[in-house]
Amino acid sequence: MGQSTSIDWDSALHRARTHAPFLARALDRQPDLAALLAAGKAENALQWARAQGDGADAEVALRRERLALAAALAVGDLAGAFPLTQVVGELTAFADRALDRAIRTAIAERTGSDAADGFIALALGKQGAGELNYSSDIDPILLFDRERLARRANDDPGEAAQRYARRVVALLSTSTAEGYALRVDLRLRPASEISPLCVPVGSALAHYQGAALAWERAAFTRARAAAGDIAAGENFLAAIRPFVWRGQLDFGAVEEIRALTLRIRESHEGPALPGPGFDVKRGRGGIREIEFYAQTHQLIHGGRDSSLRVRGTRPALDALAAAGWTTAENARILGESYDRLREVEHRLQMVHDRQTHALPEGEALDNVAQLDGLADGAALVDELTELTARTGRIYEELIGARKPAPVPVAMPASAMAQQLGSLGFDEPEVLAERIESWRDGRHAAIRSPQAVAAWDRLAPALITAMAQSDDPLRAITRWERVIENVPSAITTFRLLDARPDLIARLVAALTLTPVLADELARKPELLDTLIDKDALDLPGDTQAIMARMRGAAIRADYEALLDAIRVITGEIRFALGIQLIEGLADPLAIARSLSRTAEAALTLAADATVQEFAAKHGRIADSELLILGLGRLGGGALTHASDLDIVYLFTGDFSAQSDGDRPLGATTYYNRLASRVSAALSVPTAQGALYEVDTRLRPQGNQGPLAVSCEAFGKYQREAAWTWEHMALARARVLYGSPSARAELDAVLAQVLHAPRDKAELRAAVLGMRSEMARHKHPGGPVDAKLTRGGLVDIEFLVHYLQLKGETADGAPLAEAVPHALDPDLAAALAGLADAGLLPADLAAPHALMSRMLVAGRLLAPDGREPPASGARALARACGCASYDALLEAFDAARQKVAGVWKQILGTNILETEQENPA
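Residues numbered from 1 in each chain as written. Predicted model: local features only at pLDDT ≥ 70, side-chain atom pairs only at ≥ 80, totals over all residues. Heavy atoms only, no water.

Participant: Help me understand the overall build of the protein chain in this model?
Facilitator: Scanning the protein chain for helices and strands turns up 42 helices and 11 strands. With the C-alpha coordinates of the protein chain rotated into their principal frame, the extents come out at 100 × 75 × 60 Å. Relative to its 919 residues, the protein chain shows a buried fraction of 54%. Contacts in the protein chain between residues far apart in sequence, at least 24 positions, make up 72% of those at least 6 positions apart. (Helix = DSSP H or I, 4+ residues; strand = E, 2+ residues; numbered from the N terminus. Buried < 20%, exposed > 50% of the residue type's maximum accessible area, 1.4 Å probe, protein only. Contact = heavy atoms within 4.5 Å.)

Participant: Just to check I follow, could you spell out the nonpolar core for this structure?
Facilitator: In a soluble, globular protein the nonpolar side chains are often hidden away together inside. Within the largest apolar cluster, 170 residues are counted, with the highest numbers of intra-cluster contacts made by Trp-455, Trp-479, Leu-628, Phe-713 and Leu-745. Per-element tally for this core: the top contributor is helix α29 (residues 587-617), with 14 residues. Excluding residues within four positions of it along the chain, Phe-713 makes contact with Leu-628, Val-647, Leu-649, Pro-699, Val-708, Leu-729, Leu-745, Val-748 and Leu-749. In terms of nonpolar packing, the next biggest core, distinct from the first, is built from 101 residues, Leu-67, Ala-81, Ala-121 and Ala-227 among them. (Core = buried A, V, L, I, M, F, W, Y, C linked by side-chain atoms within 4.5 Å.)

Participant: Sorry if this is basic, but what is going on with the pattern of salt bridges here?
Facilitator: It is possible for side chains bearing opposite charge to pair when their charged atoms get close. Summed over all chains, the structure comprises 46 salt bridges. Across the pair Asp-100 and Arg-104 runs a salt bridge, and its minimum N-O distance is 2.8 Å. Of this pair, Asp-100 and Arg-104 both sit in helix α6 (residues 84-111), 4 residues apart, which is roughly one turn of the helix. Its salt-bridge partner being Asp-586, residue Arg-852 comes within 2.9 Å of it at the nearest N-O pair. (Salt bridge = Lys/Arg side-chain N within 4 Å of Asp/Glu carboxyl O.)

Participant: Which parts of the structure should I look at to understand the confidence of the model for the protein chain?
Facilitator: When pLDDT is averaged across the protein chain, the result is 89; 93% of the residues are at 70 or more. Contacts of residues 248-255 to residues separated by more than four positions or lying in other chains number 10 contacts, the stretch itself having pLDDT below 50. Ignoring residues within four places in sequence, the model shows residues 401-413, a span with pLDDT below 50, making 29 contacts including any to other chains. (pLDDT = per-residue confidence, 0-100.)

Participant: Help me understand unusual backbone geometry in this model?
Facilitator: The bulk of non-glycine residues show a negative phi, and the bulk of peptide bonds are trans. Phi at Ala-191 is positive, roughly 45°, even though this residue is not glycine. Turning to its location among the elements, Ala-191 is positioned in the loop between β4 (183-184) and β5 (198-200). Classification of Ala-191 by relative accessible area gives partly exposed; the value is 30%. Backbone geometry at Asp-863 places phi at a positive 65°, although glycine is not the residue there.

Participant: What exactly am I supposed to notice about the packing of helix α28 (residues 558-582) against helix α39 (residues 844-860) here?
Facilitator: If you want to describe how two helices pack, look at the angle between their axes and the distance between the axes. Interaxial distance between α28 and α39 falls to 10 Å at its minimum, and their mutual angle equals 105°. Looking at the two axes, α28 sits roughly perpendicular to α39. Along the contact surface, α28 presents Gly-577, Leu-580 and Ile-581, while α39 presents Val-855, Ala-856, Leu-859 and Leu-860. Here the contact of α28 with α39 is composed, by residue class, of 6 nonpolar, 1 polar and no charged. (Axes fitted to C-alpha atoms, helices over the stretch in contact; angles between N-to-C directions. Parallel < 35°, antiparallel > 145°, perpendicular 65-115°, else oblique. Nonpolar A, V, L, I, M, F, W, Y, C, P; charged D, E, K, R; others polar.)

Participant: For this particular structure, what's the right way to read the packing of aromatic side chains?
Facilitator: For any pair of aromatic rings, the description consists of the separation of the ring centres together with the inter-plane angle of the planes. Scanning all chains against the criterion turns up 10 aromatic pairs. Each ring, one from Tyr-208 and one from Phe-236, has its centre 6.2 Å from the other, and the planes form 70°; the classification is edge-to-face. With Tyr-208 in helix α9 (residues 201-210) and Phe-236 in helix α11 (residues 230-239), the pair connects residues that are 28 residues apart, well separated along the chain. Judged by relative accessible area, Tyr-208 falls into the buried class, the value being 2%. Ring plane angle 55° and centroid distance 5.7 Å describe the contact between Trp-438 and Trp-455, whose orientation is recorded as tilted. (Phe/Tyr/Trp six-rings, centres within 6.5 Å; stacked < 30°, edge-to-face > 60°.)

Participant: Any chance you could explain the pairing of strand β1 (residues 119-123) here in plain terms?
Facilitator: For a regular strand, side chains alternate in direction, first toward one face of the sheet and then toward the other. Most of β1 sits out of view: 5 of its 5 residues are buried. Taking every second residue as pointing to the same face, both faces of β1 are buried, with Phe-119, Ala-121 and Ala-123 on one and Ile-120 and Leu-122 on the other. Alignment of β1 against strand β3 (residues 141-144), held across 4 bridges, turns out to be antiparallel. Bridging from a neighbouring strand, Phe-119 pairs with Phe-144 of β3. For β1 and strand β6 (residues 224-228), the ladder comprises 4 bridges, and the chain directions are antiparallel. (Pairing = 2+ DSSP bridges.)

Participant: Explanation requested: the sheet that holds β5 in the structure shown.
Facilitator: Pairing between sheet strands relies on hydrogen bonds along the backbone, with the strands arranged either parallel or antiparallel. The strand order across the open sheet built from 4 strands is β5-β3-β1-β6, with neighbouring strands paired in mixed fashion. The open sheet has two free edges, formed respectively by β5 and β6, since each of these has just one partner strand. Each adjacent strand pair in this sheet contributes to an overall mean axis angle of 35°, direction not counted. Contacts from helix α8 (residues 157-173) reach β1, β3 and β5 within the one sheet, and its direction differs from that of β3 by about 150°.

Participant: How do you make sense of helix α5 (residues 58-79) when you look at a structure like this?
Facilitator: Because each turn of an α-helix spans 3.6 residues, side chains separated by three or four positions in sequence point in the same direction. A rise of 1.5 Å per residue sets the reference length of α5, with its 22 residues, at 32 Å; its end C-alpha atoms lie 31 Å apart and thus fit the reference within 8%. Of all 22 residues in α5, 19 are buried; the element is thus mostly enclosed. Where α5 begins, the capping side chain belongs to Asp-57, and its oxygen is found 3.0 Å from the backbone nitrogen of Glu-59. Just past α5, the residue Gly-80 takes up positive phi, approximately 85°. (Expected span 1.5 Å × (residues − 1). Polar contact = N/O pair within 3.5 Å; in protein donor to acceptor, adjacent residues only side chain to side chain.)

Participant: Any chance you could explain helix α38 (residues 826-835) here in plain terms?
Facilitator: Those residues of α38 not exposed but buried are Leu-826, Ala-829, Leu-830, Gly-832 and Leu-833. Within α38, the buried residues cover an arc of 165° as seen down the axis, which keeps them to one side. Check the buried side of α38 and you find it contacts α36 (792-805), α37 (814-817) and α39. With a side-chain oxygen positioned 2.9 Å from the backbone nitrogen of Ala-827, the residue opening α38 is Asp-825. A positive phi of about 75° marks Gly-837, the residue just after α38. (Arc of directions from axis to C-beta.)

What follows is the structure, given as structure tokens:
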């Protein structure tokens, strides 16, 4: 910042008189005020300024008060006596007073009474937010209630309201010998092109409930009843609250908001970088972008999170960070930058009392900088260049997604209708028109003559293949989404035409599994995975995947790495999905590959986040972050639908402090760091989302801190944890941490898992939990290998029961006699428990079958529902069965086997229980 943090009235007055002609004139016209300021009597100066508004003539009094306040606040600001919040707050309070007085004056001139019943002034923009600047317009919306409006008996309420509105504008905006009070802009009112200056309340309600646009929602995040009939204004805002703060935001609404932010960026024609002509309000990284960043997040999340419904930009950023919708660091950068940009905006406007936001040229730029307390204009430009680069990058994270492609426009039907009819399509003429519209030049994918020719060659074979699928219209619709988004498809068209076998692969991806089809629609570049034969090989080990992710980063920075992690993870997941539906790899190998990919992403993201965090807060001696994987992640066997179940821990003394420039206590340090790691793994970037992160298995679940010390974790598990939490630990695996820290946590886990237990209580707890789960979570369909009784959940309960029981068949300690019986990998644990004489060895085959069903079913039969015919064949093939009927028979036999083992070990008949309690 240009000025010193100490208060210097002499310097402020000198700079005001030397560099701001408007302030010099204002001080000369008000010598009493100038004397108070020279004496450093800040509050007395403000009181003197406010008193200028006490005159009987409203037009004169308001202008004098405005001039006095502008001078007092400007000098106090330059002196460092008034913080920005006080400056904008005083200016806003004056605007509210002035608007209210103008309304009451206009009504009194007509009626003889200054009662403002039925006349409402809603403040929007900076006035609504309490953030007015020195030369800002006010943007009120004036409304009136026909039944309650104060007026003469013979006056029509509509005509009276317009008369009052015109007089209010004149009282505030007309330039006289005393100057002006406030510039008034009424264009934010509903349908301003055709509506009167003052809008009936009923018409306004109808507009906002049915015809309003996204920018109007954004404007109303700052709205408040500011003048006139305040109570009526508050009632109106309450009535339209559902319009502003929607409980649910559909995808189309999110895209509308994103498109609006893009239009704001693209409509600005000034210089892209700070320098002469750069607009601190509208330029890249400027005031408007910071405001819209806050407003957009508020619109998206504020319907569900009432803590975000605040008006000011700084309060909004703080609320977003507190609620976890943006990072604390982003909120800090944007907030501090916003304050500084507002200060520079004020300096620009102080010079001549003009509503300007652009940096001037030459000596005028030096003059503004020197008014601010800087050496020259170059110093100001350098500061703003660095500042707007930071804020611009954060804003671009918000608007970085690809703009929606235009909707295709139908063209006249072609001869294709005859082919479509012969292929069995209903309404072939309508469909032909739709397909013809793809080549009308509106899609970049089929725009050039070469692309059109390539598409014409490919279309008959592709449409024939789609017609032979289980759901031809779905295939066409999903393909249409792909070509709407892909920037260029001529190479893809030509390769598909040259290699017809790839057409079947593409159609399978479009029709067999909505997961892969949706991925293609969101990221059409994944089509390369269908064409590149190497992409259909299983990925290497974790280190190889990490190397691939690092290599994909386009820059050596944190954001680029997170993007690269998302790109490579998406490519691998898509390729593994294609391998699964085509039977090119065992679903068990695919599950292990998905797990390795997640571990690689987690490790890289955590490493980078730890380094970024340490750069600001330092490190804590003899302490580090640990990440524990549980569930299918801990067991090393993810599906395409798996969340990442993780628990954050840390080693060392919880009372220690970090050694950085901004030190934090250990608990705060690691909880913030854990939150950043979760964000790195889950928050969408320009390259999309990565994983859903589930941390509810931590001590005390969502009620507990995100990260706890290993010591506290062990104490909780030993003294307070439920049996189900110990069962979850049986599949725990340390995924992140140094070898010594991993060993420390492994020792804690071993102590918990190997602790002696009352066997009768353990059995009762296991049976109770499984019975409760069966009552509340029913199978989704006939191939739900997870929840169906005799399925994977029952195998997991058996394994964890025997692991926690902790003895071999001979009564020896299980951990010592057969350590691999405690492996978090269920397949390895089953083998170990068989070696220990606790389970039959042939239970491994039912487990393998149902694991394959689960992994494949997440793509081909979501939730275990009955798949379509081609999906059923693919599911059977993935599970090693000749047909779908053979798969159902094998599944039933596997369940019978599991039920028999369950009855032998736990003494209940789970299949009879299922018949008594059908889903």
